[in-house]
Amino acid sequence: MPIELFNNGTHACMMFTDLVDDEADHAIQANQFLIVDNGHGCLIDPGGNMTYNALRMAMHAHFQPNSLDYVFASHADPDIVASLNKWLIHTDCKIVVSKIWSRFVPHFCTVGTTEGRIIPIPDPGMHVKLGKSRIVAIPAHFLHSEGNFQFYDVTSKILFTGDLGASLVAHEDAAKPVENFAEHVKYMKGFHQRYMSSQKILRFWVNMVRQLDIEWIVPQHGRPFKGQEMVNTFLDWIGELPCGVDIMTQNHYQIPSA
Ligand SMILES: [Fe+2]
Ligand SMILES: [Fe+2]
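Along each chain, the written sequence defines residue order, and numbers are assigned to residues from 1. Following the order in which they are written, the chains are lettered starting with A and the ligands numbered starting with 1. It should be noted that, the model being predicted, local features are given only for residues of pLDDT at least 70 and side-chain atom pairs only at 80 or more, the latter also being counted only at that level, while totals for whole chains, interfaces and linings use all residues. For side-chain calculations, the full set of non-hydrogen atoms in the structure is used, while hydrogens and water are omitted.

Novice: Looking at this structure, how should I read the coordination of the iron ion (ligand 2)?
Specialist: Around a metal, the ideal angle is 109.5 degrees if four donors adopt a tetrahedral arrangement and 90 or 180 degrees if six donors adopt an octahedral arrangement. Distances from the iron ion (ligand 2) to its protein donors, Asp79 (OD), Asp163 (OD), Gln220 (OE1) and His221 (NE2), fall within 2.1 to 2.3 Å. For Na, K and Ca the donor cut-off is 3.2 Å, and for all other metals it is 2.8 Å, counting N, O and S atoms only; because water is absent from this set, sites may look incomplete. Labels for metal geometry use angle windows, namely 85 to 135 degrees for all angles of a four-donor tetrahedral site, and for square planar (four donors) or octahedral (six donors) sites opposite donors over 155 degrees apart plus all others within 65 to 115; sites meeting none of these are irregular. Around the iron ion (ligand 2), the four donor atoms sit at angles spanning 83 to 171 degrees, and that spread fits a shape best called irregular. Read in sequence order, the donor residues for the iron ion (ligand 2) give the motif D-x83-D-x56-Q-H. A spacing of 3.7 Å is found between the iron ion (ligand 2) and the iron ion (ligand 1), which share aspartate 163 as a donor. One end of the pair, aspartate 163, is in the loop between β11 (158–162) and α6 (171–174); the other, histidine 221, is in the loop between β12 (216–219) and β13 (225–226), with 58 residues separating them in the sequence. For helices the rule is a DSSP run of H or I covering at least 4 residues; for strands it is a run of E covering at least 2, with both sets numbered from the N terminus onward.

Novice: What's the story with the packing of aromatic side chains in this structure? I'm lost.
Specialist: The geometry of an aromatic ring pair is captured by the separation of the ring centres together with the interplanar angle, meaning the angle of the planes. Side-chain rings of Phe, Tyr and Trp, where Trp is taken by its six-membered ring, are said to pair if the distance between their centres is within 6.5 Å; with planes under 30 degrees apart they count as stacked, over 60 as edge-to-face, and otherwise as tilted. One pass over the structure, following the stated rule, counts ten aromatic pairs. Between the aromatic rings of phenylalanine 33 and phenylalanine 160, the centroid separation amounts to 4.8 Å while the plane-to-plane angle is 55 degrees, which identifies the pairing as tilted. With phenylalanine 33 in strand β3 (residues 32–37) and phenylalanine 160 in strand β11, this pair connects stretches of sequence that are 127 residues apart. Each of the two residues, phenylalanine 33 as well as phenylalanine 160, counts as buried. For the exposure calls, accessible area comes from a 1.4 Å probe over protein chains only, and a residue counts as buried if that area is under 20% of its type's maximum, exposed if over 50%, partly exposed in between.

Novice: What am I meant to see in the sheet that holds strand β8 (residues 126–130) here?
Specialist: One key point about sheets: their strands pair by backbone hydrogen bonds, in either a parallel or an antiparallel sense. Two strands form a pair only when DSSP identifies at least two bridges running between them. Taken in spatial order, the six strands line up as β8-β9-β10-β11-β12-β13 in an open sheet, and their pairing is mixed. Edge positions in the sheet fall to β8 and β13, since each of these pairs with one other strand and no more. Pairing of β11 with β12, which is carried by four bridges, proceeds in the parallel orientation. Bridge pairing in β12 places glycine 162 opposite proline 219.

Novice: Before we go on, may I ask you to explain the nonpolar core in this structure?
Specialist: When a protein is soluble and globular, its nonpolar side chains tend to lie buried together. By nonpolar core is meant a set of buried Ala, Val, Leu, Ile, Met, Phe, Trp, Tyr and Cys residues that side-chain atoms within 4.5 Å join together. In this structure, Trp205, Ile217, Phe234 and Ile238 are the most contacted members of the largest nonpolar core, which totals 30 residues. Listing elements by their share of this core, those giving two or more residues are β9 (133–139), α9 (199–209) and α10 (228–238). If one sorts the elements of this core by residue count, α10 sits on top with six residues. Any two residues whose heavy atoms approach within 4.5 Å are treated as being in contact. Apart from residues no more than four positions distant in its own chain, isoleucine 238 is found in contact with Leu164, His192, Leu202, Trp205 and Val206. Core analysis: the next-biggest nonpolar cluster, separate from the first, contains 25 residues, Met14, Leu43, Tyr52 and Ile118 among them.

Novice: What am I meant to see in the coordination of the iron ion (ligand 1) here?
Specialist: For the iron ion (ligand 1), the full set of protein donor atoms is His75 (NE2), Asp77 (OD), His144 (NE2) and Asp163 (OD), and the range of their distances to it is 2.0 to 2.2 Å. Considering all four donor atoms around the iron ion (ligand 1), angles at the metal cover 84 to 172 degrees and the coordination shape is irregular. Mapped onto the polypeptide sequence, the residues donating to the iron ion (ligand 1) form the spacing pattern H-x1-D-x66-H-x18-D. For histidine 144, a relative accessible area of 18% puts it in the buried group.

Novice: Looking at this structure, I do not really get the side chain of threonine 114. What am I missing?
Specialist: With respect to the helices, strands and loops of the structure, threonine 114 is situated in the loop between α5 (99–102) and β7 (118–121). The residues contacting threonine 114, other than those within four sequence positions of it, are Leu88, Val105, Pro106 and Cys109.

Novice: What is the right way to look at the sheet that holds strand β2 (residues 11–16) in this model?
Specialist: Spatially, the seven strands line up as an open sheet ordered β1-β2-β3-β4-β5-β6-β7, and their pairing is mixed. Two strands close off the open sheet at either side, each with one partner strand: β1 (3–7) and β7. For this sheet the average axis-to-axis angle between neighbouring strands, irrespective of direction, equals 20 degrees. Note that β1 and β2 share four bridges and pair antiparallel. Pairing of phenylalanine 6 across the sheet is with cysteine 13, part of β2. Note on geometry: axes are lines fitted to C-alpha atoms, helical ones only across the stretch in contact, with angles between N-to-C directions running from 0 to 180 degrees.

Spelled out as structure tokens, the structure:
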């Protein structure tokens, strides 16, 4: 069952949390998102081949899949974009992805399907019209991918943060917004220390997003952060986290013994 994050009658945001069979395939739990505005629709981070059929069926009740305007991709990892070829073949959507990745996407698509259908996002980001609303591609480079964007929905005030804010939980828990932040840290910390590049970048990102009016931070894995107080708690924590190259030492770079 999708979770309705927002709905004012003309604009709705849905989150799908349980489409990956994380027990059978040992695949990481992942969230996919559908935004509908005045008869127009987009997916954010639709996932890989594991989720294509299930997402198509699950979104049907809310939006006709064939009418998709866009698929937004935060970066080019398999759990984000491996299904792109299917969305390109079976709908008329355009793919919105960092210009860093736009020339790599055709490598896993049927020859000719990407022609004229990829919208490369320049490094500073861009605004994309959806129905009568807008989605803003916010720069989040190196968090964790070299060309990485997050997507801010100006109507719902939800920031979809891709892997940033991700937590490693079972799919039945992913639908529940975080209630006890201190308790939740253990599901996030190791992932962020290994996947995020550096505290310097995190601080630039925190300074930027504090200028946005954010009601939810919703990551691509695990539980969302709902309400300005919880959003600020997350921003305070993430800006203080040494990670990635900050914590690497020569010990991490040794020839493995036989
Ligand atoms: Fe990723
Ligand atoms: Fe991911």
